[in-house]
Amino acid sequence: MIRQLVFATNNLNKTKEVRSLLAGQYEVLNLQDIGCTTDIPETADSFAGNAGLKSRFVVDNYQLDCFADDSGLEVEALNNEPGIYSARYAGERGDAANLDLVLQKMEGQQNRAARFRTVVSLIQNGEEFLFEGLIQGTLRESRTGENGFGYDPIFQPDGYEVTFAEMDMEQKNKISHRAIAMHKLIAFLKEQAV
Ligand code: IMP
C-alpha cells in the first residue's frame, strides 16, 4: 500500500518536484490537498525550528506524517543575516527590497562570502528527522540575470562564473541548497519504503 505524506507547502512547483521523485512509493499531499489554509506561524529562531513548527502543526492537526522546509541566505559579513528573516528582511516590501537592503549593507565590504541554507524537518510516526542543504558562494555588487527569485541575481555559487539567476531552473535545481536537503530526505524515505 502506498503511504501518504504531507509536504507542508503551498508551492506547487516544489510539490510537483518531490511528488515525481517519490512516485510509486509515497503519495505526496500539499497543504491545499489536506484543506489546510492556516498561515502556520514561523516564530522559531532557526531554520530547523521553523521547519519543525510547520511539520509539527500538520502532524498535530491532521494526524498525518509530514515534512516541511525552511530556507534563507546567510551573509558572513552581516553576522549571517538575513538568515531566518530572508523573506522579510526589508519588512513586507518583497524580494526586490530585501535584495536592495543586502546590497546596501554590503557596500564597500570586502568579505562577500555567503551561503544559502535549507533545513527539512520530517515527522514520521511521531519522530523528527532533520536534513540540511548548504551551498557556499559570493555576493555580487549588483544584480545579474533574470531567472529564479529572491536573492538569486546577486548570489554566485562557488565554482561557477554566473549567478543563480543566470542559470536555468534545471541547472540550479541540481546544485541548490534546497535540492541537497530534499535529496537527503528522498534517500531516507526511499530506504524506509523498501
Ligand atoms: P523559503 O523558506 O524557501 O520560503 O525561503 C525563504 C526566503 O529565503 C525566500 O523568500 C527568499 O528570500 C530566500 N531564499 C530561499 N531560497 C532561495 C533561493 O533559492 N534563491 C533566492 N532566495 C532564496
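Computed from a predicted structure; not experimentally measured. Throughout this description, residue numbers start from 1 for each chain and increase along the sequence as written. At least 70 in pLDDT is required for a residue's local features to be given in this predicted model, at least 80 for side-chain atom pairs to be given and counted, and no such filter applies to totals for whole chains, interfaces and linings, which use all residues. Only hydrogens and water are removed before side-chain values are computed, so all heavy atoms of the structure are retained for them.

## Thoughts on the UniProt feature "binding site: Mg(2+)" (unreviewed entry) in the chain
Next, step 1: UniProt positions are given in the numbering used here, feature names are shortened, and annotations may be inferred rather than shown by experiment. UniProt's feature table lists "binding site: Mg(2+)" (unreviewed entry) at D70, given in the numbering used throughout.
Next, step 2: Only runs of H or I of at least four residues qualify as helices and only runs of E of at least two qualify as strands under DSSP, and these elements are numbered from the N terminus. Residue position: D70 is located in strand β3 (residues 66–75).
Next, step 3: Throughout, a residue-residue contact means that at least one pair of heavy atoms, one from each residue, lies within 4.5 Å. If we ignore the near neighbours within four places in the chain, the residues touching D70 are E42, F47, N50, A51, K54, R117, T118 and V119.

## A few points about unusual backbone geometry
Next, step 1: Going from E81 to P82, the amide bond is cis rather than trans, its omega being -5°.
Next, step 2: Its location among the elements puts P82 in strand β4 (residues 81–82).
Next, step 3: Positioned with a positive phi, Q63 is a non-glycine residue whose angle comes to about 55°.
Next, step 4: Looking at the secondary structure, you find Q63 in the loop between α2 (47–62) and β3.
Next, step 5: Even without being a glycine, N80 presents a positive backbone phi close to 70°.
Next, step 6: Position of N80 among the secondary structure elements: in the loop between β3 and β4.

## Looking at the site of the ligand
Next, step 1: Only a single heavy atom is needed: when it lies within 4 Å of a molecule or strand, its residue is near that molecule or strand. Inspection of the region around the ligand gives 14 residues, with S71, D152, K172, H177 and R178 positioned closest.
Next, step 2: Methods summary: accessible areas were calculated by the Shrake-Rupley approach with a probe of 1.4 Å, and residue burial reflects only the protein chains presented. Protein contacts shield 86% of the accessible area of the ligand, which totals 480 Å² for the unbound molecule.
Next, step 3: Elements that contribute at least two residues to the shell around the ligand include exactly β3 and α5 (177–193).
Next, step 4: Of the residues forming the shell around the ligand, the biggest block, three residues, is contributed by β3.

## As for the layout of surface pockets
Next, step 1: Reported here for the largest pocket is a volume of approximately 1,400 Å³.
Next, step 2: Cavity and pocket criteria rest on a 1 Å grid covering protein atoms alone: a 1.4 Å probe that fits but cannot get out defines a cavity, protein on both sides within 12 Å along at least 5 of 7 lines defines an open pocket, and an atom within 4 Å of a point defines a lining residue. For the largest pocket, the lining is made up of 45 residues, of which N11, K14, D69, F149 and R178 are closest to its centre.
Next, step 3: Residue assignment for the lining of the largest pocket shows that the elements contributing at least two residues are α1 (12–21), β3, α3 (95–105), α4 (169–175) and α5.
Next, step 4: Amino acid classes used here: Ala, Val, Leu, Ile, Met, Phe, Trp, Tyr, Cys and Pro are nonpolar; Asp, Glu, Lys and Arg are charged; the rest, including Gly, are polar. A class-by-class count of the residues in the lining of the largest pocket yields 16 nonpolar, 15 polar and 14 charged. Grid points are joined across faces, edges and corners, and a volume is the space filled by probe spheres set on the points.

## Remarks on the side chain of R178
Next, step 1: Secondary-structure assignment places R178 in helix α5.
Next, step 2: Leaving out residues up to four positions away in the same chain, R178 has contacts with K14, D69, S71, T118 and F149.

## Some remarks on the UniProt feature "active site" (unreviewed entry) in the chain
Next, step 1: Here, the residues flagged by UniProt with the feature "active site" (unreviewed entry) are D70.
Next, step 2: Burial status follows relative accessibility: with a 1.4 Å probe on protein chains alone, a residue under 20% of its type maximum counts as buried, one over 50% as exposed, and anything between as partly exposed. Relative accessible area serves as the criterion here: at 8%, D70 is assigned to the buried category.

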